[in-house]
Structures are given as C-alpha cells and as structure tokens.
Amino acid sequence: MKPRSNPLRGRLAVGVLAGAAALTLAACSSSSSSSSSSSSSAAGASSATSAGGTAKLPATIPVAYVGDQTGAAGYVGVQLLEGMKLRLDELNASHFLGNSTIQLTVKDTQSNQQNAISLMNQVASSNALAVIGPLLSNEGLATEPIAAKAGLPYLEAVNEDTQILTMGNNIYRTTVSQLLYNPLTIPYLQKNNVTSVAMVYDSDNPTLVQVGTQQYPSLLKKANMKLVSSDGIPIADTNVASLASKIAGENPGAVGLMVIGPQNPDLITALRNDGYKGIIFGETAMQAGALKPAGALANGVVYPMDYTPDLTYPTSQAFTKAFEAAYPGSTPNAYDAEGYDTMTFLANAIKDAPAATRAGLLKGMAAVAAKGFTGAVGPLKWFGPGNKNVTTPGVLVKWENGKETIAALG
Amino acid sequence: MDQTANQIIDALALGSVYALFALGLSLVWGILDVLNLAQGALFLLGPFTAYEVARALPMPLVAVLPIAMVVTGLVSVALEVGIFRYVRRSVDDRKRRELTMLITSIGAAAIITQVVANKTGDTIFYIPRKVFQPVTYTIGSKVHVTNLDVILLVLALALGVALAQWVRRSRHGRALRAVAFDVRTSGLFGVSADRLAALTLFVSGALAAAAGVLFSLSVGGIDSSVGDGYLLTAFAVVILGGVGSIAGTVIGAFLVAGAETAVIAAGVGQWQNAVVFGVILLVLALRPEGLFRAQRTQRV
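Keep in mind that this is a model prediction, so the values were computed, not measured. Numbers given to residues run from 1 along each chain, matching the order in which its sequence is written. In the order they appear in the text, chains get letters beginning with A and ligands get numbers beginning with 1. A pLDDT threshold of at least 70 governs which residues receive local features in this predicted model, and a stricter bar of 80 or more applies before side-chain atom pairs are shown or counted, although totals over entire chains, interfaces and linings include all residues.

## A look at the overall build of chain B
Going along the chain from the N terminus, every DSSP run of H or I of four or more residues is numbered as a helix, and every run of E of two or more is numbered as a strand. Tallying secondary structure elements over chain B gives eleven helices and two strands in all. Put simply, chain B runs from its N terminus to its C terminus through helices and strands in the order α-α-α-α-β-β-α-α-α-α-α-α-α. In terms of overall size, chain B behaves like a compact globule, its C-alpha atoms giving a radius of gyration of 19 Å where 300 residues would be expected to give roughly 19 Å. Exposure classes come from backbone-placed C-beta atoms, where a residue is buried if 20 or more other C-beta atoms lie within 10 Å of its own, exposed if 12 or fewer do, and partly exposed in between. Buried residues in chain B amount to 54% of all 300 residues. Partitioning the contacts of chain B with sequence separation of at least 6, the portion at a separation of at least 24 is 77%. Here the globule rule is a power law, 2.2 Å times the number of residues to the power 0.38, and the radius of gyration is based on C-alpha atoms. Here, residues touch in the contact sense if the C-beta positions derived from the backbone fall within 7 Å of one another.

Given below as structure tokens:
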C-alpha cells in the first residue's frame with residue numbers, strides 16, 4: 001500500500017490559513033458538483049442506530065457539503081469528502097434509510113470566506129435538509145449564522161473553533177478536537193522518564209498557540225516536567241535550522257512540535273542533524289505521511305490522533321478495509337475517517353428524526369448525540385452544553401519506517 | 001560556545017540560500033528595472049523540477065541540479081519573451097512600465113505556483129534522498145555541519161564572485177551595464193537589449209533554482225508556498241545591499257541571515273521579521289541607497 005497524499009497542515013482553526021486563502025488569486029465564482037448516490041459493496045462500519053424516528057422519508061434526501069475542495073484547506077476537504085462518499089455509498093447500498101437515499105451536493109468554497117457565505121446562502125434557501133459546514137474557522141463563523149437563521153441543521157467537521165457551537169441551536173460537531181486527545185502524550189513521556197520539554201509552536205495559528213502555550217504547559221506542569229523553552233515561529237518560516245540548533249543545545253528530554261506543513265519534517269531533520277537524541281512529539285499535522293520527507297530521522301516520533309489505520313476497534317478496522325477496497329492503493333487517514341463518521345452521524349440523525357424536515361432532523365441529531373455511536377475513529381460521545389461537542393478516546397501514534405504504529409490507546 | 005558555533009554555521013547556510021536567491025532578483029532589478037515577483041515561484045520551480053526529474057530517472061545531484069537550473073532558467077526566459085519584452089515595447093512611461101511588469105510578474109508567479117500546487121496535491125514534496133544524502137559531521141562533540149552546508153556556502157560565494165566578474169569584465173557584462181545605463185543608445189552600438197534581457201532572466205532563474213534545490217535538500221520537505229517567504233526576505237536583502245550591487249547582495253544576505261539566526265537563538269523567534277525588518281528600516285533611513293550603492297547612473 002502506498003501512503004496517501006501526505007502532509008497536512010493541521011487542524012484548521014486558523015486565522016493564518018484564512019489569510020492565505022484570502023490572498024489566493026482564485027476566481028470569485030465557486031464550482032459545484034454533486035456526488036451520485038450510487039451504491040457500492042463496501043463493508044459497513046458502524047451499525048446504525050435503531051430506528052427511533054417516525055418520519056416518512058422522501059425518495060431522495062438532499063444534503064449539502066459547503067466545503068473546501070480547493071484553496072488553502074482544499075487538500076483536507078477532498079479527503080473528508082472521500083470518507084463521506086464512501087459512507088454514503090454504503091448507506092444507500094444497504095438501504096439504511098429504506099427506499100430513501102441521501103443525495104449529497106458539494107459546493108466548493110475555495111477556502112474563501114466570501115464564497116462560503118454566498119454558497120451557504122444558496123443552500124439555506126434550497127431544499128437541503130442539512131449542511132456539512134466549511135473547514136476554516138473564519139468560514140465557519142461566517143456561515144453558521146446563515147444556517148441558524150434558516151433553521152438548517154449544521155454539522156461542523158474538522159474546524160477546531162468552539163465558539164461556533166454557541167452560535168445557534170442547529171449545530172453539532174462531528175469530529176473531535178485535538179485538545180481532547182493531546183493529553184495522551186503525557187503518559188508516554190513519563191514512561192520514558194522525560195523530565196524536561198521544549199515546545200515549538202506556530203505563533204500565527206490560534207489553535208497551535210493554544211496547544212503550545214496553554215494546553216501543553218499546563219499538562220507538563222501537572223506531570224512535574226520542566227518546560228525549558230517555548231518558541232513561537234511564523235507558519236511561513238522556513239528558517240528552522242537555527243531554532244533546532246538552539247533547542248539541541250538545551251538538550252531537553254523531549255521536544256514538542258506544534259507546527260504544520262513542511263516545518264514538521266524540516267524541524268525533525270534539523271534536530272536530528274544537530275545530534276538531538278531525545279523524544280520528539282507533535283500533533284495531528286504529523287499524520288498521513290507528513291513525516292515521510294524526514295526519512296529515517298523521523299523514526300520514533302509520536303503524535304496523538306483520533307484515528308490511525310491500525311486502530312483496533314472493529315468499526316475502525318472495517319472502515320480501513322472498506323476504504324482500501326473503495327480506493328485501491330490508498331491508505332485512509334484521519335480526515336477520511338472523520339468524513340465517514342460525519343456521514344454516519346447524519347444518516348443516523350435522519351433515521352431518528354420524527355419528521356423529514358429541518359426541525360425534525362434537529363431532533364434526530366439531538367437523539368444521536370445523546371446516544372453516541374462507535375464509528376471509524378472509535379467510540380464517539382457527545383458532551384457539553386446541548387451535547388454539541390464530541391470526544392473519542394484517541395490513539396498515540398508512533399512513526400516507524402514510513403508507517404504509523406500504535407504507541408498507546410486512549 | 002558550541003551552540004554559538006552551530007548558530008554561525010546555520011547563519012552561513014541560510015545566508016547562502018538568501019544570496020543565491022537574491023542575486024538573480026538584484027540582477028534583473030538592477031539591470032532591467034524589472035521587479036520580478038515571479039522569482040519566488042522560480043525558487044519553487046527548481047526543486048519541483050528536480051523532484052519530477054528524480055522520480056522519473058535515477059540521477060545524482062550533479063545531474064539533477066543543472067537540469068533544474070536550465071529548466072527554471074528557460075521558464076524565466078519565457079517570462080521575458082512572453083511578458084516583460086512585450087510590456088517594455090508597448091508601455092513608454094517608465095513608472096507605468098515598471099508597475100505593469102510588477103503586476104504581470106505577480107500573475108506569472110500565481111500560475112507557476114498553482115501548477116506546482118496541483119501537481120503535488122498542494123502537500124509537502126521532497127527530492128528523493130537517492131539524489132543526495134545529506135551527511136552530518138560532528139566537530140568536537142557538539143558542533144554539527146552537514147555536507148550541504150558546505151556546498152551551499154561554496155556555491156553561493158563562487159557564483160557571487162563569478163557573477164560579479166561576469167558583469168564587470170566580460171563582453172556580455174559590459175553590454176549589460178550599457179543596457180542598464182541607456183537601452184536606446186546601447187542599441188545604436190549594436191547591443192541587443194532583448195537578447196541580453198533574456199540572458200539575464202535565464203541566469204536569474206537558474207540561480208533561483210539552485211537556491212531552491214539546495215534548500216529543499218537541506219530541509220525535510222517543502223510545499224508550494226515556500227517561495228513567498230523567501231521572496232520577501234530576498235527583497236530585504238537586495239534593498240539592504242543596494243539594488244544591482246552583487247557584493248552588496250551577498251553581504252546583505254549574510255547580514256539578514258545572521259540577524260534572523262540571532263533573534264531565534266535569543267528565544268524570540270516570533271519577533272524574527274519585526275526585528276530584522278526593523279533593523280533594515282533603520283539602515284535604510286541612514287543610507288537610502290542601501291549599504292553598497294550600485295555603480296550605475298540614474299537614467300532620466
């Protein structure tokens with residue numbers, strides 16, 4: 001199996017990506033396409049919730065994905081869509097909703113906030129029963145009020161922003177924030193007798209600033225580990241050699257890299273070339289082969305995730321097999337799994353809805369959130385005000401010889 | 001002490017990349033009055049070409065690097081022939097001409113960058129290690145230098161000297177300076193401004209490619225946005241050193257790299273741009289022509 005297109009620039013609560021997207025010289029019009037509801041024989045993953053709904057469903061149930069297919073976050077949106085399409089095909093083929101099929105329309109925001117607003121207005125005034133929102137935080141914050149006003153059920157995927165969950169009663173998160181599984185790193189560091197840590201974070205990414213300057217320092221303090229240094233660098237900074245030399249000189253027991261894009265393999269390469277032999281850990285941006293450019297120097301690097309292909313839950317294994325069958329030669333990554341689970345959440349909510357209306361679907365979503373389900377990433381449980389946020393145990397992944405292995409389960 | 005030595009080595013390697021990249025920019029800007037904002041895209045195109053070539057054919061760096069330099073140089077020539085030459089001929093007003101070239105170069109950069117982004121899936125790509133395997137040498141117990149650090153420094157200095165000699169002493173170089181002085185008069189003496197402009201753009205593109213290839217080998221991987229950050233720094237280097245001054249550009253490159261490295265070593269990396277550009281602002285306030293004024297006469 002060849003690894004899938006690599007490297008991810010991380011979770012996208014990102015002012016900076018938004019800025020980059022705004023600068024993109026993209027055409028102002030958005031493209032749109034729709035996926036067919038054709039069926040496939042891919043194996044199902046999570047079992048459907050029991051039918052609690054009483055709705056008489058129409059032959060086709062229109063839903064929309066106003067998501068990034070091109071632009072700064074396009075590479076994430078494309079993978080998310082792969083997972084959604086896989087699940088959609090399974091659901092329709094297995095007649096999960098009886099004689100009804102879900103019809104997904106894809107509208108590309110081009111990672112552009114203005115496009116996202118325009119497209120969300122279109123969807124809000126259409127007959128779509130629900131919408132899966134865009135990935136960038138600036139797009140999400142701008143589009144959720146439009147959906148809320150139209151009573152349109154909104155599924156938030158990938159976007160790390162939590163403020164959006166407070167903006168309306170129509171929204172549920174379907175993917176898990178890295179803040180919830182990042183703590184998996186600490187027991188691993190303790191097990192390896194790490195007593196001092198240096199942190200590097202992208203200083204122009206709100207999520208990574210939060211992770212690098214608040215979450216990890218707090219976790220390290222509780223674990224009695226010393227934070228020897230904390231360096232913020234711009235996302236666009238390619239001059240990582242001098243930073244690596246500085247950190248190697250400090251010789252901490254571990255280095256945490258809360259950075260995205262090429263900075264991950266570049267910093268690892270530079271640290272190892274500078275003779276640093278301690279533990280290197282990171283975050284979700286290291287997934288899906290992002291470390292491959294560092295070659296053998298990246299062996300042993302660990303990072304917490306919500307999904308890895310070797311995840312042992314039966315539903316995860318079933319998803320991995322189904323994905324590999326549907327996309328021969330490809331290995332699924334977390335975005336694929338999250339797209340898959342997003343579609344499962346939506347289908348379960350439609351099934352549990354008392355009426356095939358937007359208001360009915362919102363009740364169905366509340367019912368699914370109350371029960372939770374086990375998906376491609378494992379058990380998903382909704383929590384917080386209105387049960388809108390979601391969590392999963394997660395997994396600590398170790399990169400070895402070009403492949404992800406499981407270092408610890410959450 | 002060891003850490004200081006490592007930082008100096010890092011600064012020299014980074015300064016070498018800046019120098020290779022900025023030399024072409026300075027040459028085109030100083031001689032042709034073209035503020036070529038596509039230079040960052042050419043910095044990207046070099047390693048992308050090397051990546052594609054190396055994937056297709058197993059070749060070492062000594063073969064891949066020249067191919068990348070030639071391909072990128074030719075793309076740069078295509079910009080001159082297809083865009084800049086047309087603008088030069090069709091827009092008489094000098095300021096409007098420079099602005100038009102600047103805008104068109106932004107368009108060219110966007111196209112090149114987007115092509116690379118599409119071809120690479122807009123993700124990280126890297127030149128296969130079989131092309132060149134960086135090796136780290138340890139001096140004493142804690143000072144580290146890679147073979148690429150050495151290659152970068154030697155190449156930057158050698159090309160800087162060669163370029164300076166070429167511009168100063170060769171027939172082409174004299175013709176270039178004549179064109180920079182007065183394109184119409186030099187034309188009366190049989191100097192082909194078009195041919196020299198194409199040659200200048202070729203050299204500029206090839207230098208950007210060399211910088212991009214060696215840089216991408218020295219780090220883990222790059223993506224399609226890599227040229228943007230370097231372009232801004234290269235402008236700072238050129239302005240600091242003095243537009244058109246080859247020695248100034250090389251020295252400016254090492255000064256900027258040294259300043260950046262010092263800021264990072266001090267543990268305030270997020271202030272890197274603010275400090276470096278603040279210092280440049282100060283220098284330019286005192287010497288608006290840059291540290292090394294190019295030997296050229298202002299045309300009117």
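Having seen it, we continue.
## Digging into the domain arrangement of chain A
All names here are of chain A. Start and end positions for the domains come from either an automated domain assignment or a database one. What the domain assignment lists for chain A is domain 1 (15-176 + 332-392) and domain 2 (180-305). Counting from both sides, the interface comprises seven residues of domain 1 and, opposite them, eleven residues of domain 2. Polar here means any residue other than Ala, Val, Leu, Ile, Met, Phe, Trp, Tyr, Cys and Pro, which are nonpolar, and Asp, Glu, Lys and Arg, which are charged; Gly is therefore polar. Within the side of domain 1 that touches domain 2, the residues separate by chemical class into three nonpolar, three polar and one charged.

## Some points on the environment of Phe48(B)
Residue and element names in this part refer to chain B. Looking at the element boundaries, Phe 48 is found in helix H2 (residues 39-56). Since 29 C-beta atoms lie within 10 Å of it, Phe 48 is described here as buried. Sequence spacing of Phe 48 and Gly 212 is 164 residues, and the spatial spacing of their C-alpha atoms is 8.9 Å.

## Quick look at helix H8 (residues 193-218) of chain B
What a helix should span is 1.5 Å times the count of its residues minus one. Helix length check: H8(B), at 26 residues, gives a terminal C-alpha distance of 37 Å against a target of 38 Å (1.5 Å per residue), a fit within 8%. With 22 of 26 residues buried, H8(B) lies mostly within the body of the structure.

## Things to note about the sheet that holds strand S12 (residues 373-375) of chain A
All names here are of chain A. For two strands to be treated as a pair, DSSP must find at least two bridges joining them. Pairing within the open sheet is antiparallel, and its three strands lie in the order S12-S13-S14. Every interior strand has two partners, whereas the edge strands, S12 and strand S14 (389-391), have only one. Along the sheet, successive strands turn relative to each other by an average axial angle of 40°, direction set aside. Lines are fitted to the C-alpha atoms to define the axes, a helix being fitted only along its stretch in contact, and any angle between axes, read from their N-to-C directions, falls within 0 to 180 degrees.

## Points about helix H7 (residues 206-222) of chain A
Residues and elements named next belong to chain A. Helix length check: H7, at 17 residues, gives a terminal C-alpha distance of 23 Å against a target of 24 Å (1.5 Å per residue), a fit within 8%. Take the seven residues that end at a residue and the seven that start at it, fit an axis to each, and the angle between those axes is the bend at that residue. Where H7 bends most, the angle comes to about 30°, and this point is Gly 212. Of all the positions in H7, only Thr 207, Leu 208, Val 211, Gly 212, Tyr 216 and Leu 220 are classed as buried. Here the buried face of H7 lies against helix H5 (178-181), strand S7 (196-202), strand S8 (226-233) and strand S9 (254-258).

## Digging into the pairing of S7(A)
Residue and element names in this part refer to chain A. Within S7, six of the seven residues are buried, which leaves the element mostly enclosed by the surrounding structure. Two elements, S7 and S8, share seven bridges in a ladder whose sense is parallel. When the sheet's bridge partners are listed, Tyr 201 is paired in S8 with Gly 232. A clockwise path from the first strand over the helix to the second, with the strands pointing away from the viewer, defines a right-handed crossover. Once the chain exits S7 it traverses H7 before rejoining the sheet at S8, and the crossover so formed is right-handed. Two elements, S7 and S9, share five bridges in a ladder whose sense is parallel. Note that in S9 the partner of Tyr 201 across the bridge is Met 258.

## What to know about the packing of helix H9 (residues 226-241) of chain B against helix H10 (residues 246-265) of chain B
Residues and elements named next belong to chain B. One can describe the packing of H9 onto H10 by two numbers: an axis separation of 8 Å at closest approach and a directional angle of 125°. Looking at the two axes, H9 sits oblique to H10. Crossing of H9 against H10: the hand is right-handed. Where H9 abuts H10, its residues Thr 233, Ala 236, Val 237, Val 238, Leu 240 and Gly 241 lie against Gly 248, Thr 249, Ile 251, Gly 252, Ala 253, Leu 255 and Val 256. Per-class residue counts for the contact of H9 with H10 are eight nonpolar, five polar and no charged. Every angle not falling under 35 degrees, over 145, or within 65 to 115 is termed oblique; those three ranges are roughly parallel, roughly antiparallel and roughly perpendicular. Note on convention: near helix rotated counterclockwise from far helix by under a right angle means a left-handed crossing. Clockwise means right-handed.

## What to know about the nonpolar core
Definition of nonpolar core: a set of buried Ala, Val, Leu, Ile, Met, Phe, Trp, Tyr and Cys residues joined via C-beta atoms within 7 Å. Of all hydrophobic cores here, the largest spans 229 residues; its most connected members are Val131(A), Tyr18(B) and Phe21(B). Both of domain 1 (15-176 + 332-392) and domain 2 (180-305) of chain A provide at least three residues apiece to this core. Residue contacts for Val131(A): discarding those within four places in its chain leaves Val63(A), Ala64(A), Val66(A), Val123(A), Ala147(A), Leu152(A) and Tyr154(A).

## A word on the interface of chain B and chain A
Taken together, the contacts link 37 residues of chain B with 35 residues of chain A. Contributions of two or more residues to the side of chain B that touches chain A are made by helix H1 (2-32), strand S1 (136-139), strand S2 (143-146), H9, H10 and helix H11 (272-286) of chain B. Counting residues per element, the side of chain B that touches chain A draws most heavily on H1(B), at seven residues. Looking at the side of chain B that touches chain A residue by residue, the classes come out as eleven nonpolar, 19 polar and seven charged.

## Overview of the environment of Ser100(A)
Residues and elements named next belong to chain A. Within the fold, Ser 100 resides in the loop between helix H2 (74-93) and strand S3 (101-108). Its 20 C-beta neighbours within 10 Å are what place Ser 100 among the buried residues. Between the C-alpha atoms of Ser 100 and Asn 389, which are 289 residues apart in sequence, the distance is 29 Å. Discounting chain neighbours no more than four positions away, the residues touching Ser 100 are Leu 57, Pro 58, Ala 59, Thr 60 and Ile 61.

## Some words on the pairing of strand S15 (residues 395-400) of chain A
All names here are of chain A. Relative to S15, strand S11 (residues 302-305) runs antiparallel, the two sharing four bridges. Its bridge partner being in S15, Val 302 is matched across the sheet by Lys 398. Relative to strand S16 (residues 403-409), S15 runs antiparallel, the two being bridged by six bridges. By the bridge assignment for S16, Trp 399 is matched with Glu 404. Joining the antiparallel neighbours S15 and S16 is a turn of two residues, in which Asn 401 adopts a positive phi near 50°.

## Description of the packing of helix H8 (residues 241-250) of chain A against H1(B)
The interhelical angle for the contact between H8(A) and H1(B), taken along N-to-C directions, is 170°, at an axis separation of 9 Å. Relative to H1(B), the element H8(A) is oriented roughly antiparallel. Residue-level inspection shows Ala241(A), Ser242(A), Ser245(A), Lys246(A) and Gly249(A) of H8(A) in contact with H1(B), the latter providing Gln3(B), Asn6(B), Gln7(B), Asp10(B), Ala11(B), Ala13(B) and Leu14(B). Its residues assigned to classes, the contact of H8(A) with H1(B) shows four nonpolar, six polar and two charged.

## Some points on the confidence of the model for chain B
All names here are of chain B. Each residue carries a pLDDT score, the predictor's own confidence in it, on a scale running from 0 to 100. With 96% of its residues at a pLDDT of 70 or more, chain B shows a mean pLDDT of 87. The least confident element of chain B is helix H7 (residues 183-188), whose mean pLDDT is 72; the most confident is H2, at 95. Interface scoring of the predicted complex returns ipTM 0.73; its pTM is 0.79.

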